[in-house]
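Tertiary structure, described
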Amino acid sequence: MAQCRLTDFFARRRPGLRAKPTRTKPAWRTPSPAKPAPRAPAPGPGSSRKRARSPAEPTRAEPAPPARRRLRLPANAVSGPSSPAAAGSPEHSSPQSKKTKKAPLSASQRPCLAAQEDEDKVPSKVSLSELTSCLQRAQELGARVQELKASAQKNAGEPSAPEDEGHPAGLCGEQMPAYQRFHALAQPGPPGLGLPYKYQVLAEMFRSMDTIVSMLYNRSETVTFTKVKQGVQDMMHKRFEERNVGQIKTVYPGCYRFRQEHHIPTFKDGVRRSDYQLTIEPLLDQQAGSAAPRLTASHLLQRRQVFTQKLVARVREHHRAFLASLNPPMEVPEDQLTRWHPRFNVDEVPDVEPAELPQPPTVEKLASAQEVLARARSLMSPRMQKALSDLAQRTAQPSSPQPPSPAPPATPPAASPAALKGVSQALLERVRAKEAQKQLAQMTRRPEQELRLQRLERLPELARVLRSVFVSERKPALTMEVACARMVGSYRAAMSPGEMEKHVQLLSELLPNWLSLHRIRTDTYVKLDKAADLAGVTAQLARLARAEEAL
């Protein structure tokens, strides 16, 4: 298509070779005002395209279109080189006739122009179809999302409740993020009496708030909620509202005294001196005859520990209710509890209910005629006032708000009766009792016992590694350092030489006939019985581990 246009362009712009006539150089003369200047002869058909400017033409001519636009050959282009309109002088055609008159198109130009019009129209059609398909796809996705939400709410049995301010809901508002729901499972170290994510955030807020309050209180400065809020948000990069202060008061009521005071000097334009502000004062033990106490670092540490203990006590209450709901019910002494029940979801513990904080007193200000009329009702007769009060009491009694009932504890999923069909009830009771006994022992296990059990579980594999080390070394005895270094390099998990030495000592304590330790001068030598059956040794270690776990 492009070749067709270019060929036609050069055929029109570059005529064939012709004999050029001799050009006579015109004589340049000074024009006379009375006599017009001689006009240059009109160029012939084969002469050059350049011509002299006619005096009748305006001096300001339109600029020629660029070469790229000429290659498109618009419909109002000049016809072929043999056309008299293209080679003629400007005297034969006026500007009006050039604008209105269009030259006929040749047969070679028509397919090129048709193809060019098709190319110009294709992108608009394609873009319109793409937009239509994208719109249909977006509508289908929106309908699919609505169906998924409706099915999720139908399966749950009730619509999902909105999240608290401090814990925003997820993208669909259905549940908390995964790092909050499984926070307890991702904690390092052995399992213990851990706190849920929201309780840990509240404990960190209390620590930041106590730090800010101590700085302002030790400077004898009035501590207001506005100052504390800004400091806590700068320290934690989280929102800190009055609701969080109410939660702190619920957990630790004896830490602060809250009051509403006015006439406090402020240095902000938005807060007037006469406005009421929430003030915070730490409660400290003051000895008789001593000066005003100061909130020192030891006080901060002690208050922080008390606050954490109170949070753990609240989780213990929910854990106790969970144990009572099991089948069969379980009861663990509080002083022996070292970890939560395996089925107890710590991160689903209900949030702390905020306590009520002092509110600024309401001052009546009559600002409209309606308020004036409402105030005038107090001027009614006593009989009318008594009748209105009786009516208000009768209407308020049925609609009195009921105290909110505590949320029921999460119960473990009960087994379906269809899955246990044909199983005797006595066998089920024995299995449940044995499982409850095992979980009770697991919850009351000390950290030292837990560490010993972990080492006992590794001993069968370490026994095989140690025997292979002695076989490869071909020595009857090895020093403790060499044996531990070889075992660390051969064991599948990363372990320090000191920890490996403790495993070897435990192995010699359980099986003294198979592995013995000999102290000679400053070194300890390890001696192994290679003739003993390794399978019997590993089986004996496994039995010891199971017996230790059952205790």
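A brief report on the enclosed structure follows. (Residues numbered from 1 in each chain as written. Predicted model: local features only at pLDDT ≥ 70, side-chain atom pairs only at ≥ 80, totals over all residues. Heavy atoms only, no water.)

1. Here's the deal with the packing of aromatic side chains
Across all of its chains, the model carries seven aromatic pairs by this definition. Between Phe-322 and Phe-344 the ring centres are 5.5 Å apart and the planes differ by 55°, which places this aromatic pair in the tilted class. Pair noted here: Phe-322 is in helix H10 (residues 297-324) and Phe-344 is in the loop between H10 and helix H11 (369-376), with a separation of 22 residues, a long-range link. For Phe-322, a relative accessible area of 2% corresponds to the buried category. On the accessibility criterion, Phe-344 (10% relative accessible area) is buried. One aromatic cluster is present, formed by Phe-206, Tyr-252, Tyr-256, Phe-258 and Phe-307 through successive ring pairs. Positioned above the aromatic ring of Tyr-256 is the side chain of Arg-303, whose terminal nitrogen or guanidinium carbon lies 5.1 Å from the ring centre. (Phe/Tyr/Trp six-rings, centres within 6.5 Å; stacked < 30°, edge-to-face > 60°. Helix = DSSP H or I, 4+ residues; strand = E, 2+ residues; numbered from the N terminus. Buried < 20%, exposed > 50% of the residue type's maximum accessible area, 1.4 Å probe, protein only. Lys NZ or Arg CZ within 6 Å of the ring centre and 35° of its normal.)

2. Digging into a nonpolar patch on the surface
Together, Val-423, Leu-427 and Val-431 line one region of the surface with nonpolar side chains, adding up to about 220 Å² of accessible area. Note that Val-431 resides in helix H13 (residues 425-443). (Patch = residues over 30% accessible without salt bridge, like charges linked within 9 Å, V, L, I, M, F, W, Y side chains within 5 Å. Areas by Shrake-Rupley, 256 points an atom, 1.4 Å probe, with all protein chains shown as cover. Salt bridge = Lys/Arg side-chain N within 4 Å of Asp/Glu carboxyl O.)

3. A word on the sheet that holds strand E4 (residues 515-520)
Strand pairs in the sheet, formed through backbone hydrogen bonds, run parallel or antiparallel to each other. Spatial ordering of the open sheet is given by E3-E5-E4, a layout of three strands whose pairing is antiparallel. Here the strands that pair on one side only, and so sit at the sheet edges, are strand E3 (477-479) and E4. Pairwise comparison of adjacent strand axes, ignoring direction, gives a mean angle of 30° for this sheet. Sheet analysis places E3 next to strand E5 (residues 523-528), joined by three bridges and oriented antiparallel. (Pairing = 2+ DSSP bridges. Axes fitted to C-alpha atoms, helices over the stretch in contact; angles between N-to-C directions.)

4. A closer look at unusual backbone geometry
Excluding glycine, residues mostly have negative phi values, and the peptide bonds linking residues are mostly trans. For the bond from Asn-327 to Pro-328, the omega torsion is 0°, close enough to zero to count as cis. Relative to the assigned elements, Pro-328 resides in the loop between H10 and H11. Backbone geometry places Ser-220, a non-glycine residue, at a positive phi of 60°. As for its placement among the helices and strands, Ser-220 is situated in the loop between helix H7 (197-218) and helix H8 (225-236).

5. Thoughts on H13
In this model, H13 (19 residues) spans 27 Å end to end at C-alpha, consistent with the 27 Å of a helix rising 1.5 Å per residue. The set of residues buried in H13 consists of Leu-428, Ala-436, Gln-439, Ala-441 and Met-443. Among the structural elements, H10 are those in contact with the buried residues of H13. (Expected span 1.5 Å × (residues − 1). Contact = heavy atoms within 4.5 Å.)

6. Section: the pairing of strand E2 (residues 277-282)
Along E2, five of the six residues are buried, which leaves the element largely enclosed by surrounding structure. Of the pairings in the sheet, the one linking strand E1 (residues 256-261) to E2 comprises six bridges and is antiparallel in character. Across the sheet, residue Tyr-256 finds its bridge partner in E2, namely Pro-282.

7. Some thoughts on the nonpolar core
Of all hydrophobic cores here, the largest spans 45 residues; its most connected members are Met-209, Val-228 and Phe-307. Those elements that provide at least two residues to this core are H7, H8, helix H9 (242-251), E1, E2, H10 and H13. With eleven residues, the top contributor of residues to this core is H7. Look past the residues within four positions of Phe-307 in its chain and what remains in contact with it is Leu-202, Ala-203, Phe-206, Ile-248, Val-251 and Tyr-252. Among the nonpolar cores identified, the runner-up in size contains 28 residues, and Ala-463, Tyr-491, Met-500 and Leu-506 belong to it. (Core = buried A, V, L, I, M, F, W, Y, C linked by side-chain atoms within 4.5 Å.)

8. Comments concerning the environment of Arg-455
Among the structural elements, Arg-455 can be located in helix H14 (residues 447-473). In this structure the C-alpha to C-alpha distance between Arg-455 and Ala-545, which are 90 residues apart in sequence, comes to 9.1 Å. Look past the residues within four positions of Arg-455 in its chain and what remains in contact with it is Glu-499, Lys-502, His-503 and Leu-506.

9. Things to note about the packing of H14 against helix H17 (residues 534-550)
Close contact between H14 and H17 brings their axes to 9 Å; oriented N to C, the two are set at 175°. Judged by the angle between their axes, H14 and H17 are roughly antiparallel. Across the interface between the two elements, Arg-452, Leu-453, Leu-456, Leu-459, Pro-460, Ala-463, Arg-464 and Arg-467 from H14 touch Leu-534, Thr-538, Leu-541, Ala-542, Ala-545, Glu-548 and Glu-549 from H17. When grouped by side-chain class, the residues that make up the contact of H14 with H17 number nine nonpolar, one polar and five charged. (Parallel < 35°, antiparallel > 145°, perpendicular 65-115°, else oblique. Nonpolar A, V, L, I, M, F, W, Y, C, P; charged D, E, K, R; others polar.)

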